[in-house]
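Each chain is listed here by its residues.
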Amino acid sequence: MKPVYIVDYAVIDTIGFDIESNYKNLTLLAKGPQTCTRYDVTEYPHILCTKGYEISQYDGRNIFSKLHNDLSDQLLSKATIPSDSAVIVSAFAHSGNEVRNDFDNSFRGGMSRFSPTKLFLNNNDLMSANIAKKLKLEGFSSGVMAACSSSMFNLHYAFTCIQSGVISSAVVGAIETPIHPSVQYYWQCTSAISTRDGGICKPFDKNRDGFVQAEGGTLWLICDEETLKKYNLTPKAKILSIVLSSKCYDTATMTAHDKTGKSQIDTINKALTIANKKSEDIAFFNAHATSTLIGDDIELDVFQQKFKDVDIPCVSFKGYIGHTMSASGMVESAYGLEALKNQYLHPNYDLTDPISDDPRLITKAIPIKGDTFIKASFGFGGRTAIAVFQTI
Amino acid sequence: MDLENWTPLTTQEIEKKFIGMINDYLKLNLEYPVDPNLSLKDLRLVGDTKVIEQLQDVDEESLEIIKKNFEIDSIDILELVIQIEEEFGVVIDDKDVATLLRWEDLIGYIADSQDPKKMKQK
């Protein structure tokens, strides 16, 4: 199998626009959930917005297109992107709803026409094409929908396409702008998001009551070895393995993963086997942990079953950046790669009353050794993605 | 909008405003006045300095290809029509769009059809 390299990544999230300085200053910059001023939030308290966009002129109608435009620019400034690269990007909870509302009003009002450009720029299906257009790329453009694991499913798609020789490089990621009343309402109806104190995000804490949505996204350039040489690219990391599964019957439901943990552990085992790594080789476990009552419990149980006798720290980055929904897997993986690069791991944010006395649920920054970590990503529908990354 | 004191824009004012809209939307440098016989499809050809540079010193066949490639497409025409409707309070029937592709025809149509009640409120 061909090795697959991560050349570079662009990340925009609630912390800011530069992931390298974001990681170094994570505990200083993060203040937990931010209040949205774009809308009247009295009925939708649990929200978090991307700094910079929130105070700018960009309203909900164009923030989605602005975000993928800025991420494209950022990636382009970091690396030469081969023109035959595929673009594999998706979004599933983004606030194109604002434009959708305008469109519905236009339709109900009997207006004869509506701006096609507005529709195209806010269509998550065409997002990958918009990025390909912006970056002048000619490889195929598409995206996989797998709820909050979408970005990791995209990464798997690109990874397998490169390994099999179908493509040699790809721009991969997901972008999400869920800060819109109707999107908030949707997730409130699933009982998955936090409604306490304007929204709190405390993964693995006894006082958690749900996740806090966040705007953000990421685009990565990944490629094979021949492309590295051809374009003189220096990779930051390597994807050793990425394994997917989905189970939402019997011991699992549409919103809660396998309560026995078997399905998730099987997926972790496969990922480690393909990566040719043992549990002891892993520097840390980057949890999906969103701060939901049932999800964090199940994930911690999986972690404790699988890594019973191994001293591996377990951390979720969502307390800092919120839940970027479809983008979360790859956004947080980028933070994981920064952790390896800097050789220290930030603690779980605001973890004051942990659900377990397991010291591996770290509450203070710690130095880490090694060059490899595991990223876990879980989405509704039992979607599971486990990736093993190694820095170079 | 003060409807009682509203006065329609002159043809010249419409042209200048429309040129501004086109330059913003298509990122061009069109200048007033525009050739009245010009087709809307050719706006990019006359308003984009980069395209004009490409037109120099090319053979007839290449010139035709360049012209074809830089024609404003149907989506752009539609976007401009939507902006015209919002800015000037004009309702352009779908069947009329094709007959209004000439600059002079379109400006004349806008001048004759302005309706302050249908203008986009700012």
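Please read these numbers as outputs of a predicted model, since none were measured by experiment.

### Some remarks on the overall build of chain A
Summing up its helical and strand segments, chain A has 13 helices and twelve strands in all. Here the C-alpha radius of gyration of chain A, 20 Å, is about what a compact globule of 392 residues would show, namely 21 Å. Within chain A, contacts between residues at least 6 apart in sequence are counted, and of these 80% link residues at least 24 apart. Accessible surface, chain A as shown: approximately 15,200 Å² in total, 51% of it carbon and sulfur. The positive charge centre, built from 38 side chains, and the negative charge centre, built from 42, are 3 Å apart in chain A.

### Re the interface of chain B and chain A
With eleven residues of chain B in contact, the opposing surface of chain A contributes seven residues. Interface area for chain B against chain A, summed over the two sides, is near 650 Å², with a carbon-plus-sulfur share of 51%. Of all residues in chain B, Ile75(B), Glu79(B) and Ile82(B) bury the most surface against chain A, accounting for 55% of the area lost on that side. In this structure, the connection of chain B to chain A is made through two salt bridges. A salt bridge links Glu85(B) to Arg113(A), with the nearest nitrogen and oxygen atoms 2.6 Å apart. For the interface between chain B and chain A, the tally reads five residue pairs in polar contact (both at pLDDT 80 or more). The set of elements that each furnish at least two residues to the side of chain B that touches chain A consists of helix H5 (74–88) and helix H6 (94–97) of chain B.

### Remarks on the packing of helix H7 (residues 150–163) of chain A against helix H13 (residues 328–342) of chain A
For any two helices packed against each other, one specifies the inter-axial angle together with the distance between the axes. All names here are of chain A. Close contact between H7 and H13 brings their axes to 5 Å; oriented N to C, the two are set at 80°. Between H7 and H13, the crossing angle belongs to the class labelled roughly perpendicular. For the pair H7 and H13, contact is made by Ser 151, Met 152 and Leu 155 and by Ser 328, Gly 329, Met 330 and Ser 333, respectively. For the contact of H7 with H13, the per-class residue count stands at three nonpolar, four polar and no charged.

### Remarks on the pattern of salt bridges
Residues and elements named next belong to chain B. All chains considered together, the criterion is met by 27 salt bridges over all chains. Across the salt bridge formed by Arg 44 and Asp 76, the nearest N and O atoms sit 3.6 Å from each other. Here Asp 76 lies in helix H5 and Arg 44 lies in helix H2 (residues 43–47), a separation of 32 residues in the sequence. Accessibility assignment for this pair places Arg 44 and Asp 76 in one class, buried.

### Side note on the layout of surface pockets
In this model, the largest pocket occupies a volume close to 2,400 Å³. Along the wall of the largest pocket there are 48 residues; nearest its centre are Thr117(A), Lys118(A), Leu121(A), Tyr25(B) and Glu79(B). Elements with a contribution of two residues or more to the lining of the largest pocket: helix H3 (63–78), helix H4 (97–108), helix H5 (116–121) and helix H6 (127–135) of chain A together with helix H1 (11–26) and H5 of chain B. The biggest single contributor to the lining of the largest pocket is H5(B), with eight residues. A class-by-class count of the residues in the lining of the largest pocket yields 13 nonpolar, 14 polar and 21 charged. The space that makes up the second largest pocket amounts to roughly 410 Å³.

### Observations regarding the environment of Pro367(A)
Residues and elements named next belong to chain A. Here Pro 367 shows up in strand E10 (residues 366–367). On the basis of relative accessibility, which here comes to 71%, the residue Pro 367 falls in the exposed class. When the C-alpha positions of Pro 367 and Asp 357 are compared, they lie 20 Å apart, and in sequence the two are ten residues distant. Once you skip the residues sitting within four places of it in the chain, Pro 367 turns out to touch Gln 343 and Tyr 344.

### Points about the pairing of strand E11 (residues 372–379) of chain A
Residues and elements named next belong to chain A. Counting buried residues along E11, eight of its eight residues qualify, which places the element largely inside the surrounding structure. Two strands pair when backbone bridges link them, and strand E7 (residues 284–286) and E11 are joined in this way by three bridges, in the parallel orientation. Paired with Phe 285 across the two strands is Ile 374, which belongs to E11. Bridging between E11 and strand E12 (residues 383–391) involves eight bridges; their strand directions are antiparallel.

### Focus: the sheet that holds E12(A)
All names here are of chain A. Strand order in the open sheet formed by ten strands is E3-E2-E4-E5-E1-E6-E12-E11-E7-E8, with mixed pairing between adjacent strands. Either end of the sheet is taken by a strand with one partner, and the two such strands are strand E3 (141–142) and strand E8 (314–315). Where H3 meets the sheet, it contacts strand E1 (4–12), strand E4 (169–176) and strand E5 (216–223), and its direction lies at approximately 135° from that of E1. Packed onto the sheet, H6 meets strand E2 (86–90), E3, E4 and E5 and runs at close to 140° relative to E2.

### Observations regarding the nonpolar core
All names here are of chain A. Core analysis: the biggest nonpolar cluster contains 49 residues, and Trp 220, Ile 222 and Phe 389 have the highest contact counts within it. Beyond its immediate sequence surroundings of up to four residues, Ile 222 is in contact with Val 4, Tyr 5, Ile 6, Leu 155, Ala 158, Phe 159, Ile 162, Ser 168, Ser 169, Ala 170, Val 172 and Ile 239. Counting residues in hydrophobic clusters, the runner-up holds 28 residues, among them Ala 289, Val 302, Phe 307 and Ile 386.

### Topic: the confidence of the model for chain B
Where the model shows low pLDDT, its predicted coordinates should not be examined in detail. Residue and element names in this part refer to chain B. Looking at chain B as a whole, its pLDDT mean stands at 87, while 97% of the residues score no less than 70. In the model of chain B, helix H3 (residues 49–55) stands out as the element of lowest mean pLDDT, 81, in contrast to H1, which has the highest, 94. At the level of chain-chain contacts, confidence expressed as ipTM amounts to 0.73, with global pTM at 0.88.

Calculation criteria
- Residue numbers restart at each chain and count upward from 1, following the sequence in its written direction.
- Chain labels run from A onward and ligand labels from 1 onward, assigned in the order the entries are written.
- Residues qualify for local features only when their pLDDT is at least 70, as the model is predicted, and side-chain atom pairs are given and counted only at 80 or more; totals for whole chains, interfaces and linings, by contrast, use all residues.
- The basis for every side-chain value is the complete set of non-hydrogen atoms in the structure, without hydrogens or water.
- Strands here mean DSSP runs of E at least two residues long; helices mean DSSP runs of H or I at least four residues long; both are numbered from the N terminus.
- For this measure, only C-alpha atoms enter the radius of gyration; the expected value for a globule follows 2.2 Å times N^0.38, where N is the number of residues.
- Any two residues whose heavy atoms approach within 4.5 Å at even a single point are treated as in contact.
- Note on areas: Shrake-Rupley, 1.4 Å probe, and residue coverage restricted to the protein chains presented here.
- Counting rule applied: Lys, Arg positive; Asp, Glu negative; His and chain ends not counted.
- The atoms used to mark charge sites are NZ of Lys, CZ of Arg, CG of Asp and CD of Glu.
- A simple way to read buried area is as the amount of 1.4 Å-probe accessible surface that goes missing from two parts once joined, with both sides added.
- When a carboxyl oxygen of Asp or Glu lies within 4 Å of a side-chain nitrogen of Lys or Arg, that pair is called a salt bridge.
- Identification of polar contacts relies on pairs of N or O atoms within 3.5 Å, with a donor-acceptor requirement for protein atoms, meaning one able to donate a hydrogen and the other able to accept it, and with residues adjacent in sequence counted only if both atoms are side-chain atoms.
- Lines fitted to the C-alpha atoms define the axes, with helices restricted to the stretch that makes contact. Angles between their N-to-C directions range from 0 to 180 degrees.
- Any angle between 65 and 115 degrees counts as roughly perpendicular, while under 35 counts as roughly parallel, over 145 as roughly antiparallel, and the rest as oblique.
- Throughout, the ten residues Ala, Val, Leu, Ile, Met, Phe, Trp, Tyr, Cys and Pro are labelled nonpolar, Asp, Glu, Lys and Arg are labelled charged, and all others, Gly among them, are labelled polar.
- Classification of residues uses two cut-offs on accessible area relative to the type maximum, computed with a 1.4 Å probe and protein chains only: under 20% is buried, over 50% is exposed, and between them is partly exposed.
- Using a 1 Å grid laid over the protein atoms alone, points where a 1.4 Å probe fits but cannot get out form a cavity; open sets with protein on both sides within 12 Å along at least 5 of 7 lines form a pocket; any residue with an atom within 4 Å of a point counts as lining.
- Grid points are joined across faces, edges and corners, and a volume is the space filled by probe spheres set on the points.
- Paired strands are those between which DSSP finds at least two bridges.
- The nonpolar core is taken to be a set of buried Ala, Val, Leu, Ile, Met, Phe, Trp, Tyr and Cys residues, with the residues joined through side-chain atoms within 4.5 Å.
- Summary of the metric used: pLDDT quantifies the predictor's per-residue confidence within the range 0 to 100.

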